[in-house]
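# Commentary on secondary and tertiary structure
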Amino acid sequence: MSFIKNKKTTINALLIFYRKLIVPALALSLLLSLIGIVPMTDGIGISFVFLMPMMHYFSYEARDPDVYYFYYNLGLSKLTLWVTTITLSALTGLILIVL
Amino acid sequence: MIGLHVDSVIKVFGERQILNDIFISCKTGEITGLLGRNGSGKSTLLKIIFGSIPAEHKFVAVDGKKVHSLAEASGLICYLPQQNFLPDHVKVSTIISCFLKPAAANDLKSRKIVKPWLTQYAKQLSGGERRILEILLLLCSEAAYVLLDEPFNGLSPINIEKIKEIISTSAVDKGIIITDHDYRNVLDIASSVMLLKDGHTKHIKDRNDLVRLGYLPA
């Protein structure tokens, strides 16, 4: 039960962490393709792969590094969060490219 | 080895060794005050104990179980940084539900002081309200040991009194290490006091020790 609770806590913490990143990164990717900076087809996915880690960097590393302690207290290290960001952005970007 | 046991902490920044073979311990029911001048390494020591920054050497154990990393400290030790740490884009109610187990979350949500904040975003709370909420979250968590880094920083006297009351009440089933430049408030609630000086911890018996060791003016 403790293991399930820990998993649930981790998932909830990650949802809070990425709520701040995913929507703006997706919206900016769409905007870049709409104004023609990146191609409409693959461009959204490709720009998302780069924009999501950039959002992570500016939101947490540059602007508000103390917020990391919220996640540290829940057992999530900075390395874990960065690995999750890279994995999530690559997977979502790939899905957007395939679609 | 019952309690939080910290030993042999060594930390070097560049060519300066700021922590030199540090020892500090705390048991549940105790509040250990940690005093020291600016730059003496108080925050660094707490972060090393918590596991958020590395040390050249450290031994941290909770009730005999060695704690190596941040992930291992989760649920055993929690840490209040000097600055506000709550994510500002989610509601207080969501933060509490994420941070605490359901029973503890419901208990905290039902407290008179917290109820008005539940539907607000963390960024809508004042600095003092955020600090009180952060301390309540840590003290209601399942962690038996809580490290408080300058909890009184920038707070009004009324909020300081509230926080002191919350900390003293919670110390019944938690071990707390507290550091703050407001030494009077630390002395008010601490059951034992240590001074961090020249990279070493020294046990403090009374105010005269703080004068003798150069922390307070004569």
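Predicted model, so just to flag it, every value in this text is computed and none were measured.

### Structural notes on the overall build of chain A
Across its full length, chain A holds five helices and zero strands. Helices (α) and strands (β) of chain A occur, in sequence order from the N terminus, as α-α-α-α-α. Sorting the 99 residues of chain A into buried and exposed places 28% on the buried side. Intrachain contacts of chain A at a sequence separation of at least 6 include 66% that bridge at least 24 residues.

### Details of the packing of helix 3 (residues 43–63) of chain A against helix 5 (residues 78–98) of chain A
Residue and element names in this part refer to chain A. Viewed as axis vectors pointing N to C, helix 3 and helix 5 meet at an angle of 160°, and their least axial separation amounts to 7 Å. If you check the angle between helix 3 and helix 5, you find them roughly antiparallel. Crossing handedness for the pair helix 3 and helix 5: right-handed. Contact residues: Ile44, Gly45, Ile46, Phe48, Val49, Met52, Pro53 and His56 in helix 3; Thr85, Ile86, Leu88, Ser89, Ala90, Thr92, Gly93, Leu94, Leu96 and Ile97 in helix 5. Partitioned by chemical class, the residues of the contact of helix 3 with helix 5 number 12 nonpolar, six polar and no charged.

### Comments concerning the interface of chain B and chain A
The parts lose accessible area when they come together, and the size of an interface is often stated as this lost area. Counting residues at the interface gives 17 residues for chain B, matched by 16 residues for chain A. Broken down by secondary-structure element, the contributors of at least two residues to the side of chain B that touches chain A are helix 2 (70–73), strand 6 (77–80) and helix 3 (92–99) of chain B. Residue classes in the side of chain B that touches chain A are distributed as 11 nonpolar, five polar and one charged.

### Looking at the confidence of the model for chain A
In regions of low pLDDT, the predicted coordinates are not meant to be interpreted in detail. In the predicted model, chain A carries a mean pLDDT of 88, and 95% of its residues have values of at least 70. The secondary-structure element of chain A with the lowest mean pLDDT is helix 1 (residues 2–19) of chain A, recorded at 81, while helix 4 (residues 68–72) of chain A shows the highest, at 97.

### Points about the nonpolar core
Residues and elements named next belong to chain B. Judged by nonpolar contacts, the single largest core of 77 residues is most densely connected at Ile49, Ile77, Leu133, Val146 and Leu147. Broken down by element, the residue count for this core peaks at seven residues, all from helix 5 (residues 127–140). Here Ile77 is in contact with Leu4, Ile49, Phe50, Val62, Val67, Ala143, Tyr145 and Leu147, once residues within four sequence places are set aside.

### As for the sheet that holds strand 8 (residues 175–179) of chain B
Residues and elements named next belong to chain B. Spatial strand order, 6-7-8-3-9-10: six strands in an open sheet with mixed pairing. Single-partner strands in this sheet number two, and they are strand 6 and strand 10 (200–204). Neighbouring strand axes in the sheet, compared pairwise and without regard to direction, differ in orientation by 20° on average. Of the pairings in the sheet, the one linking strand 3 (residues 31–36) to strand 8 comprises four bridges and is parallel in character. Along strand 8, the bridge assignment pairs Gly33 with Ile178. Seen against the sheet, helix 5 touches strand 6 and strand 7 (145–149) and runs at an angle of roughly 175° to strand 6.

### Quick word on unusual backbone geometry
Residues and elements named next belong to chain B. Its identity is not glycine, yet Ser8 carries a phi of approximately 55°, on the positive side. Note on placement: Ser8 falls in strand 1 (residues 4–13). At Asp198, a position not held by glycine, the phi torsion is positive, near 55°. By secondary structure assignment, the location of Asp198 is in the loop between strand 9 (192–197) and strand 10. The partly exposed category is assigned to Asp198, around which 13 C-beta atoms lie within 10 Å.

### Notes on the packing of helix 3 of chain B against helix 4 (residues 102–109) of chain B
Geometrically, a packed helix pair is captured by the angle between its two axes and the distance between the axes. Residues and elements named next belong to chain B. Contact pair helix 3 / helix 4: the axes reach a minimum separation of 8 Å and the direction vectors enclose 145°. Crossing of helix 3 over helix 4 shows right-handed handedness. Touching Ser93, Ile96 and Ser97 of helix 3 are Ala105, Leu108 and Lys109, all from helix 4.

### Focus: the pairing of strand 6 of chain B
All names here are of chain B. Side chains Ile77 and Tyr79 of strand 6 all project onto a buried face; the interleaved residues Cys78 and Leu80 project onto the opposite face, where all are buried too. One ladder, built from four bridges, connects strand 6 with strand 7; its direction is parallel. Looking at the pairing, Leu80 lines up with Leu148 of strand 7.

### Brief notes about helix 2 (residues 22–34) of chain A
Here helix 2 of chain A is 13 residues long and its end C-alpha atoms lie 18 Å apart, about the 18 Å a rise of 1.5 Å per residue gives. Where helix 2 of chain A terminates, the next one or two residues include Gly36 of chain A, which has phi positive at roughly 85°.

About the cut-offs
Residues numbered from 1 in each chain as written. Chains lettered and ligands numbered in written order. Predicted model: local features only at pLDDT ≥ 70, side-chain atom pairs only at ≥ 80, totals over all residues. Helix = DSSP H or I, 4+ residues; strand = E, 2+ residues; numbered from the N terminus. Buried ≥ 20, exposed ≤ 12 C-beta atoms within 10 Å, placed from the backbone. Contact = placed C-beta atoms within 7 Å. Axes fitted to C-alpha atoms, helices over the stretch in contact; angles between N-to-C directions. Parallel < 35°, antiparallel > 145°, perpendicular 65-115°, else oblique. Left-handed = near helix turned anticlockwise from the far one by under 90°. Nonpolar A, V, L, I, M, F, W, Y, C, P; charged D, E, K, R; others polar. pLDDT = per-residue confidence, 0-100. Core = buried A, V, L, I, M, F, W, Y, C linked by C-beta atoms within 7 Å. Pairing = 2+ DSSP bridges. Expected span 1.5 Å × (residues − 1).

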